[in-house]
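# Summary of the model geometry
Okay, here's what each chain looks like letter by letter:
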Amino acid sequence: MSTLGNSTNIFWHECPVGKLERQKLLNQQGCVVWITGLSGSGKSTLACSLGRELHSRRKLSYVLDGDNLRHGLNKNLGFTAEDRTENIRRVGEVAKLFADAGIICIASLISPYRKDRDGCRALLPDANFIEVFMNIPLEVCEERDSKGLYKLARAGKIKGFTGIDDPYEPPLNCEIEIRQKDGVCPTPGEMTGQVVSYLEEKGFLQVEGSIPH
Ligand SMILES: Nc1ncnc2c1ncn2[C@@H]1O[C@H](COP(=O)(O)OS(=O)(=O)O)[C@@H](OP(=O)(O)O)[C@H]1O
Ligand SMILES: Nc1ncnc2c1ncn2[C@@H]1O[C@H](COP(=O)(O)OP(=O)(O)O)[C@@H](O)[C@H]1O
């Protein structure tokens with residue numbers, strides 16, 4: 001018997017098929033690619049492009065996109081500091097389940113607070129949490145303004161917009177940084193290549209003793 005959070009009298013039930021067996025079936029290692037950055041920095045673009053590239057390599061991935069999850073799982077949350085923290089906590093827990101399933105989980109959320117991202121990292125073995133920082137200047141994100149939200153925030157019609165009147169805390173020690181070179185943003189293909197190379201180098205795209213199909 002154990003006590004956890006607000007739940008009492010709960011038990012952990014071990015299932016017979018474990019993570020390693022699932023990974024062998026998939027010939028890959030479950031992990032979380034956590035993409036953080038300002039609105040408009042290219043998180044969703046990278047997440048989708050990465051998912052497509054992994055799929056073409058017969059690797060199973062799944063995208064957890066902040067905007068999309070707020071249509072369902074997180075529809076009761078807004079953008080106060082408390083709600084953002086709860087948003088990230090929930091997605092971190094879901095991402096952990098996907099990684100345990102052997103899937104390469106791609107989470108793309110602003111996730112503005114360092115301690116919240118670190119909390120998600122702490123749910124997994126450290127190497128299995130790959131933090132990708134979209135280090136794209138605010139001016140570039142604002143210039144893109146694909147949803148028109150920066151314009152509304154500047155006009156005071158959205159309060160507490162990240163980067164305008166709400167904080168963003170950049171990672172101190174991320175695994176991957178996407179940044180401009182000579183004032184030019186990498187293309188979606190280049191960003192994707194950077195992440196795939198990392199996954200390949202660290203051995204996430206294969207597993208010893210995989211079961212042939
Ligand atoms: N106040 C405020 N601040 C920032 N973003 C806002 C806000 N209001 C709405 N939006 C839209 O919500 C998307 C961000 O959702 P997230 O779940 O990723 O945010 S967070 O991680 O909880 O901070 C974000 O999507 P992206 O542009 O894809 O980042 C916006 O479209
Ligand atoms: N590497 C890139 N180079 C040029 N434009 C990009 C790049 N990545 C994203 N964009 C464009 O910027 C806008 C915002 O991208 P998006 O992926 O929606 O950002 P986020 O999910 O961080 O809000 C979109 O119009 C997208 O096409």
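The structure we're discussing is the one just above.
Below is a summary of the structure that appears in this document. For clarity, every value in this text was computed on a predicted model and none was experimentally measured.

## What to know about the packing of aromatic side chains
- For the structure shown, the criterion picks out 4 aromatic pairs.
- Residues Phe133 and Tyr168 carry aromatic rings whose centres are separated by 6.1 Å and whose planes lie at 15° to one another, so their mutual orientation is stacked. Here Tyr168 lies in the loop between helix H7 (149-154) and strand E7 (176-179) and Phe133 lies in strand E6 (residues 129-135), a separation of 35 residues in the sequence.
- By relative accessible area, Phe133 is classed as buried at 10%.

## A few points about the environment of Ser49
- Within the secondary structure, Ser49 is located in helix H2 (residues 43-56).
- Along the primary structure Ser49 and Lys159 are separated by 110 residues, whereas in three dimensions their C-alpha atoms are 31 Å apart.
- In this view, Ser49 contacts Pro188 and Thr192; residues no more than four positions away in its chain are not counted.

## So, the packing of helix H4 (residues 81-100) against helix H5 (residues 114-121)
- One can describe the packing of H4 onto H5 by two numbers: an axis separation of 9 Å at closest approach and a directional angle of 15°. Viewed along their axes, H4 and H5 adopt a mutual orientation that is roughly parallel. Note that H4 runs across H5; the crossing there is right-handed. Across the interface between the two elements, Arg84, Thr85, Ile88 and Gly92 from H4 touch Lys115, Asp116, Arg117 and Cys120 from H5.
- For the contact of H4 with H5, the residue count by class is 2 nonpolar, 2 polar and 4 charged.

## Focus on the pattern of salt bridges
- Overall, the coordinates contain 14 salt bridges when judged by the stated rule.
- Between Asp100 and Arg22 there is a salt bridge, with its nearest N and O atoms 3.2 Å apart. With Asp100 in helix H4 and Arg22 in helix H1 (residues 19-26), this pair connects stretches of sequence that are 78 residues apart.
- Put simply, Lys147 and Asp67 hold a salt bridge, and the shortest N to O gap is 2.7 Å. Of this pair, Lys147 sits in the loop between helix H6 (138-144) and H7 while Asp67 sits in helix H3 (residues 66-69), and the two are 80 residues apart along the sequence.
- For Lys147, a relative accessible area of 51% corresponds to the exposed category.

Thresholds, definitions, all that
Residues numbered from 1 in each chain as written. Chains lettered and ligands numbered in written order. Predicted model: local features only at pLDDT ≥ 70, side-chain atom pairs only at ≥ 80, totals over all residues. Heavy atoms only, no water. Phe/Tyr/Trp six-rings, centres within 6.5 Å; stacked < 30°, edge-to-face > 60°. Helix = DSSP H or I, 4+ residues; strand = E, 2+ residues; numbered from the N terminus. Buried < 20%, exposed > 50% of the residue type's maximum accessible area, 1.4 Å probe, protein only. Contact = heavy atoms within 4.5 Å. Axes fitted to C-alpha atoms, helices over the stretch in contact; angles between N-to-C directions. Parallel < 35°, antiparallel > 145°, perpendicular 65-115°, else oblique. Left-handed = near helix turned anticlockwise from the far one by under 90°. Nonpolar A, V, L, I, M, F, W, Y, C, P; charged D, E, K, R; others polar. Salt bridge = Lys/Arg side-chain N within 4 Å of Asp/Glu carboxyl O.

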